[in-house]
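In case you want the letters, here they are:
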Amino acid sequence: MVKEDEILPKYWYNIIPDLPKPLPPPRDPQGADFSRIDLLRSILPKEVLRQQFTIERYIKIPEEVRDRYLSIGRPTPLFRAKRLEEYLKTPARIYFKYEGATPTGSHKINTAIPQAYFAKEEGIDHVVTETGAGQWGTAVALAASMYNMKSTIFMVKVSYEQKPMRRSIMQLYGANVYASPTNLTEYGKKILETNPQHPGSLGIAMSEAIEYALKNEFRYLVGSVLDVVLLHQSVIGQETITQLDLLGEDADILIGCVGGGSNFGGFTYPFIGNKKGKRYIAVSSAEIPKFSKGEYKYDFPDSAGLLPLVKMITLGKDYVPPPIYAGGLRYHGVAPTLSLLTKEGIVEWREYNEREIFEAAKIFMENQGIVPAPESAHAIKAVVDEAIEARKNNERKVIVFNLSGHGLLDLSNYESMMKRLNGNG
Ligand SMILES: Cc1ncc(COP(=O)(O)O)c(C=O)c1O
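Residues numbered from 1 in each chain as written. Predicted model: local features only at pLDDT ≥ 70, side-chain atom pairs only at ≥ 80, totals over all residues. Heavy atoms only, no water.

A complete count under the given rule lists 17 aromatic pairs for this structure. Counting every residue linked through ring pairs, the aromatic cluster contains Phe79, Phe96, Tyr98, Phe364 and Phe401. Against the face of Tyr147 rests Arg68, its NZ or CZ located 4.8 Å from the ring centre. Over the aromatic face of Tyr296 sits the side chain of Lys311, whose NZ or CZ is 4.6 Å from the ring centroid. (Phe/Tyr/Trp six-rings, centres within 6.5 Å; stacked < 30°, edge-to-face > 60°. Lys NZ or Arg CZ within 6 Å of the ring centre and 35° of its normal.)

Pro75 follows Arg74 through a cis peptide bond whose omega is -5 degrees. Of note, Pro75 is situated in the loop between α4 (63-71) and β3 (78-80). Here the bond from Ser180 into Pro181 is cis, since omega is 5 degrees, no more than 30 degrees from zero. Mapped onto the elements of the fold, Pro181 is located in the loop between β7 (175-180) and α10 (186-194). Backbone geometry places Asn394, a non-glycine residue, at a positive phi of 45 degrees. In this structure, Asn394 sits in the loop between α17 (374-392) and β14 (398-403). (Helix = DSSP H or I, 4+ residues; strand = E, 2+ residues; numbered from the N terminus.)

With that settled, the discussion passes to the sheet that holds strand β9 (residues 253-257). Sheets are built from strands that pair by backbone hydrogen bonding, the pairs being arranged parallel or antiparallel. In space, the six strands of this open sheet follow the order β3-β4-β14-β9-β10-β13, with mixed pairing throughout. Taken across any chain shown, the strands that pair with only one partner, and hence form the sheet edges, are β3 and β13 (348-352). Ignoring strand direction, the axes of neighbouring strands in this sheet form an average angle of 25 degrees. Taken together, the six bridges between strand β4 (residues 93-98) and β14 define a ladder with parallel strand orientation. In the strand pairing of β14, Lys97 is matched with Asn402. This element, helix α12 (residues 227-247), spans β3, β4 and β14 of the sheet and lies at about 140 degrees to β4. (Pairing = 2+ DSSP bridges. Axes fitted to C-alpha atoms, helices over the stretch in contact; angles between N-to-C directions. Contact = heavy atoms within 4.5 Å.)

Before going further, it helps to spend a moment on the pattern of salt bridges. Scanning all chains against the criterion turns up 29 salt bridges. For Lys297, the salt bridge is made with Glu295, and the minimal N-O distance between the two is 3.8 Å. Close ionic contact of Glu359 with Arg355 constitutes a salt bridge, the shortest N to O distance being 3.9 Å. With Glu359 and Arg355 both in helix α16 (residues 354-368) and four residues apart, this pair spans about one turn of that helix. We classify Arg355 as partly exposed; its relative accessible area is 41%. Bridged by salt links that share partners, the residues Arg74, Lys97, Glu99 and Glu239 form one connected network. (Salt bridge = Lys/Arg side-chain N within 4 Å of Asp/Glu carboxyl O. Buried < 20%, exposed > 50% of the residue type's maximum accessible area, 1.4 Å probe, protein only.)

This is how it looks when you write it as structure tokens:
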């Protein structure tokens with residue numbers, strides 16, 4: 001038996017030095033009244049900021065953080081989905097890395113822990129962030145409680161109303177949770193003035209969290225998109241490589257879903273950087289069509305424009321997702337490194353609609369038993385399609401995907417999909 005401690009990596013992997021082209025750096029808008037790059041020093045914990053701008057390939061994971069990773073069940077399991085293979089009558093072998101196994105139910109905790117740790121180390125006692133469905137907010141609330149810090153979470157209003165259970169978990173971990181837009185910030189007030197019924201968006205909630213952190217001299221923790229987050233998430237891919245090695249398997253096709261891009265980058269970049277695997281498929285939603293309709297340009301990660309401009313595939317910082325869509329992955333942009341890798345043709349992208357991901361989630365549930373997060377169901381749909389393709393071509397492909405979270409607190413999403421899609425028969 002190989003011990004957990006030997007599978008859990010000692011370093012985070014940073015793909016930036018191994019990219020095919022230089023990554024366009026974050027920058028200040030032309031003629032701006034203040035420097036967003038300077039402002040980052042008051043927004044992010046110092047060490048998080050340092051890691052955001054590092055060009056080192058490997059960064060040592062502090063022992064304290066490794067211990068926390070072990071305590072939440074890292075390394076997460078790598079399962080073979082044998083019944084799904086049989087159901088699909090595919091010669092392919094299908095594996096999944098199960099990030100739903102952590103206490104918060106998703107991969108988000110992998111970066112919440114180090115960011116909270118670095119904040120605590122520099123004497124911060126209160127952290128702030130935004131959340132959509134609540135996976136990120138839950139991760140931050142738990143990480144803050146691990147380090148005896150307070151946490152304030154700005155939760156997108158529609159989710160706040162539709163997801164009372166995630167709100168409860170955050171509160172049980174000790175967080176204050178507000179429905180964004182709030183009137184606690186100038187930006188929130190401005191949005192409410194123009195439309196008091198505004199359902200909120202991740203971009204707005206992000207701006208509110210940053211403004212609130214700045215005003216109170218708290219620190220902001222960032223959940224996706226920025227390079228430092230994908231760096232921390234590289235534990236996923238590195239563990240997967242070791243776990244496949246132990247099985248004597250070589251991955252052919254690697255698949256993950258994309259909101260801001262953090263679970264996908266964390267999962268695939270150690271493979272891409274080490275020239276392992278042959279194809280990488282980033283899956284997103286047809287209802288929030290970043291890849292097919294987004295533009296590759298400098299844009300703000302948050303709606304108020306408090307963060308520096310980053311070059312990414314984006315639907316625009318003021319994008320408001322369709323309120324009826326229950327599949328997640330609502331963020332308007334794609335992490336700059338992932339945007340570059342798809343533009344360079346190294347990573348393929350794909351979009352599926354709600355019906356497709358719902359049907360894939362059901363197939364997965366009926367065969368493997370795990371309720372996937374609706375976000376992760378996007379990846380599952382691509383896995384199903386690739387497994388069928390392998391059957392048609394009679395190829396013994398090894399397909400590995402990241403099951404980024406479980407969906408036990410997303411049953412209301414599935415319920416509304418069932419009703420809308422009439423698929424409950
Ligand atoms: C379970 C799960 N998977 C995926 C995502 C998408 O985010 P990212 O692309 O940053 O991994 C989220 C976002 O909240 C999530 O909760």
